[in-house]
Amino acid sequence: MELLKSDAKYRRLVGNLQGICSFVKCKGIVNYVTPSIKSLLGYLPEQVCEHRYDDFLADIPSQNKVKQRMEETLHGKQQTVFEAEVQHKDGSTRTFDITAVPINDESGKVASVEGVAHEITYKRWQRRHFNAIWRIRALLHRSCIFHWRTYRSQKSSP
């Protein structure tokens, strides 16, 4: 009975994640993915399971680095958080922060990789636009100072 309660709590916790939790086998095949993938990427879990993780990466050159990091994780190397561009079912691209951890079996070999992905598409967009606004503000500020100094020097000249 206690085990059933614990299992129900775990399923509720995983089901309410604001990200995607997944398990990838050592060959790069997705073994499990949380139902939250439907709201974040439009896929049902069964549409993702038994496919390679890289089938869902956006087809852009920067993704080679993501593939390299995942392959290193599949070979047992612990990684820091990294960004990945993932293809939504509708064809658009979403950005995720990925945490991937190799899981070893009893013999010490990598059995799978546990991953948690949090969507940061909007945060990334905000950061880019915020930085652009500050660059424009700095340029305008410098331009105003330049024009003010030019105006002052012309006014003080006879």
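Scroll up to find the structure.
This text gives an overview of the structure that appears in the document.

Parameters and conventions
- Residues numbered from 1 in each chain as written.
- Predicted model: local features only at pLDDT ≥ 70, side-chain atom pairs only at ≥ 80, totals over all residues.
- Heavy atoms only, no water.
- Helix = DSSP H or I, 4+ residues; strand = E, 2+ residues; numbered from the N terminus.
- Contact = heavy atoms within 4.5 Å.
- Areas by Shrake-Rupley, 256 points an atom, 1.4 Å probe, with all protein chains shown as cover.
- Pairing = 2+ DSSP bridges.
- Axes fitted to C-alpha atoms, helices over the stretch in contact; angles between N-to-C directions.
- 1 Å grid on protein atoms, 1.4 Å probe; cavity = no way out; pocket = protein on both sides within 12 Å on 5 of 7 lines; lining within 4 Å.
- Points joined across faces, edges and corners; volume = space filled by probe spheres on them.
- Nonpolar A, V, L, I, M, F, W, Y, C, P; charged D, E, K, R; others polar.

1. Regarding the overall build of the protein chain
A tally of helices and strands in the protein chain yields five helices and five strands. Of the regular secondary structure in the protein chain, the N- to C-terminal order runs α-β-β-α-α-α-β-β-β-α. If you take every contact in the protein chain between residues at least 6 apart in sequence, the share linking residues at least 24 apart comes to 39%. As displayed, the protein chain has an accessible area near 11,300 Å², and 58% of this comes from carbon and sulfur atoms.

2. Examining the sheet that holds strand 5 (residues 110-119)
Spatial strand order, 2-1-5-4-3: five strands in an open sheet with antiparallel pairing. Taken across any chain shown, the strands that pair with only one partner, and hence form the sheet edges, are strand 2 (30-33) and strand 3 (82-87). Taking the axes of each pair of neighbouring strands and ignoring which way they run, one obtains an average angle of 35° across the sheet. Lying on the sheet, helix 4 (residues 63-74) is in contact with strand 1 (20-25), strand 3, strand 4 (93-104) and strand 5; it crosses strand 3 at an angle near 115°.

3. Focus: unusual backbone geometry
Despite not being glycine, E50 has its phi angle at roughly 70°, a positive value. Counting through the fold element by element, E50 comes out in the loop between helix 3 (45-48) and helix 4.

4. Topic: empty space enclosed by the protein
This structure, assessed with the given rule, holds one cavity of 30 Å³ or more. Reported here for the largest cavity is a volume of approximately 390 Å³. What lines the largest cavity is a set of 24 residues, among which S22, Y53, V86, I98 and A117 lie closest to the centre. Of all the secondary structure elements, the ones that give two or more residues to the lining of the largest cavity are strand 1, strand 2, helix 2 (37-41), helix 4, strand 3, strand 4 and strand 5. With four residues, the top contributor of residues to the lining of the largest cavity is strand 5. Looking at the lining of the largest cavity residue by residue, the classes come out as 22 nonpolar, two polar and no charged.

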